[in-house]
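Residue-level structural notes
The primary structure of each chain is shown beneath.
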Amino acid sequence: HVHWFTESLRAGRPVEILDRHTLTKTSQIKPAEETCSFTVPNYACQRRTQLHHHNPSLSDALTLLAENAELNEDDGRAVAFRRAAAVLKALPAEVTSVSQLKGLPCLGEHSLRVIKDVLKDGSCSEVETTKHSQRFNALKVLTGIFGVGVKTADRWIRDGIFNLQQLRESQTTLNRAQQAGLDHYEDLNQPVTRADADSITEIVQEAVSSLFPGAQVTLTGGFRRGKMTGHDVDFLLTHPEEGREEGLMDKVVSWLDSQGLLLYQKTSRNSYLESRDGPGRPSSNMDRFERCFAIFKLSRGQTSPPAGHQWRAVRVDLVVTPISQFAFALLGWTGSKLFERELRRWAGHEKAMSLSSHALFDKTQKRYLRASSEEEIFTHLGLSFIPPSQRNA
Ligand code: DCT
Ligand code: MG
């Protein structure tokens, strides 16, 4: 066919299987060096990003530098690396040469240098040095303790504490969360499996439907995006009748506790009030979110604990939302973190709107835009709907 096609062209014979559109496109293809082989929209929320993509070695290198920047509280640099990694995750094929990246958004000089090194040598010296640095590893171990943030970890390092043993031997006072985090460190740093997430969903579902008939449990976070493992399990609880969700958290947490299922829990009455916290006029909507950070005790039968153990600890987040805010909470809690950040940036910069896990406010019209599904929120934002499995930016 190809032979017949080229011969026909050479002979000036009409080639009927190609329409004019196709011919025009073919004739406009430039040599590989001059053209940008890939095109990608600017914002991660305009792109489809699958869990599995074509450039893991490049995105891993950039993600490690992002992580290091986060651990050193350099937010600007962290976001720049995260955005660069996300662009690579969205490409339809493996990158083999930096020239293919010309014209792509979010790839700064620094990120391009890292990409060039990895393409050339299979690794990047800055990444390797970081990966083996004492500070990076100490920050990772210490912030890996539930309840410990970068500020605390940094203070401990300055006091000469670089690992768990040194922390245990020191006289450092720990709060209740940190003590639980240290007690269950090994378990909490083992990936939570999809099977664990399903067992916990069953437990929470059972508790909710027996205590609050009609109330709904939705698995969010990474598992909703199709991840097979996670660092925790995230749930949204709601009731189809506005206001009926009140009191749900206390009852569910008390029940879980009475069953011996909680190793730790802290519930915060996260009182979001549109009238007070919102960017616009007061509204009649006076709802609040409640959140519970918990550590579940999953027994054998509910999970596969480590050899010789009867149970394992798993981090679980429970969030209660009124039904009027459910779609916003669902969108906000599904992630990924970068996808969420990009949604908010898009809303603010491109649409003069303000998006949160509670609401969407249109600054031009000076009013809240209501939505009862994620699809409606994407429509309000002028974006094509991206399903959860493609929000893995
Ligand atoms: N989230 C966010 N911004 C944050 C923290 C969280 O937008 N600073 C949202 C996005 C994801 C969701 O909350 C749940 O958070 P995590 O559990 O930290 O993320 P995850 O994607 O579920 O990751 P993992 O699979 O490791 O639990
Ligand atoms: Mg999660």
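Our structure's up above, just so we're on the same page.
Residues numbered from 1 in each chain as written. Chains lettered and ligands numbered in written order. Predicted model: local features only at pLDDT ≥ 70, side-chain atom pairs only at ≥ 80, totals over all residues. Heavy atoms only, no water.

What follows concerns the overall build of the protein. Helix and strand content of the protein: 18 helices and ten strands. Counting the 393 residues in the protein, one finds 44% classified as buried. Within the protein, counting contacts between residues at least 6 apart in sequence, those at least 24 apart form 65% of the total. Just so you have it, the protein exposes about 20400 Å², and 49% of that area is on carbon and sulfur atoms. (Helix = DSSP H or I, 4+ residues; strand = E, 2+ residues; numbered from the N terminus. Buried < 20%, exposed > 50% of the residue type's maximum accessible area, 1.4 Å probe, protein only. Contact = heavy atoms within 4.5 Å. Areas by Shrake-Rupley, 256 points an atom, 1.4 Å probe, with all protein chains shown as cover.)

This next bit is on the pairing of strand S2 (residues 216-219). Walk down a regular strand and you will see the side chains alternate between the two sheet faces. Of the two faces of S2, only the one carrying Val-217 and Leu-219 is buried; Gln-216 and Thr-218 on the other face are not. In the sheet, S2 pairs with strand S4 (residues 233-238) via four bridges, with the strands oriented antiparallel. Across the sheet, the residue bridging to Val-217 is Leu-237, located in S4. (Pairing = 2+ DSSP bridges.)

Looking now at the nonpolar core. Residues Leu-62, Leu-88, Leu-91, Leu-101, Leu-104, Val-114 and Ile-145 are the most contacted members of the largest nonpolar core, which totals 38 residues. For this core, the elements supplying multiple residues, two or more each, are helix H3 (56-71), helix H4 (75-89), helix H5 (109-121), helix H7 (134-143), helix H8 (150-158) and helix H9 (164-169). Per element, the largest residue contribution to this core is seven residues, and it comes from H3. Residues within four places of Ile-145 in sequence aside, it is in contact with Trp-156, Leu-164, Leu-167, Gln-178, Gly-181, Leu-182 and Tyr-185. In this structure, Ala-215, Val-233, Val-252 and Ala-294 belong to the second largest nonpolar core, which totals 30 residues. (Core = buried A, V, L, I, M, F, W, Y, C linked by side-chain atoms within 4.5 Å.)

This part covers the coordination of the magnesium ion (ligand 2). In the first shell of the magnesium ion (ligand 2), the protein supplies Asp-232 (OD) and Asp-234 (OD), at 2.1 to 2.2 Å from the metal. In this structure, Asp-232 and Asp-234 share a single accessibility class: buried. (Donors = N, O, S within 2.8 Å, 3.2 Å for Na, K, Ca; no water.)

All right, on to unusual backbone geometry then. Geometrically, the link from Gly-335 to Ser-336 is a cis peptide bond, its omega value of -5 degrees lying close to zero. Residue position: Ser-336 is located in the loop between helix H16 (326-334) and helix H17 (337-351). Unlike most non-glycine residues, Ala-352 shows phi in positive territory, near 50 degrees. Tracing the sequence through the fold places Ala-352 in the loop between H17 and strand S8 (353-355). The class of Ala-352 is partly exposed, set by a relative accessible area of 30%.

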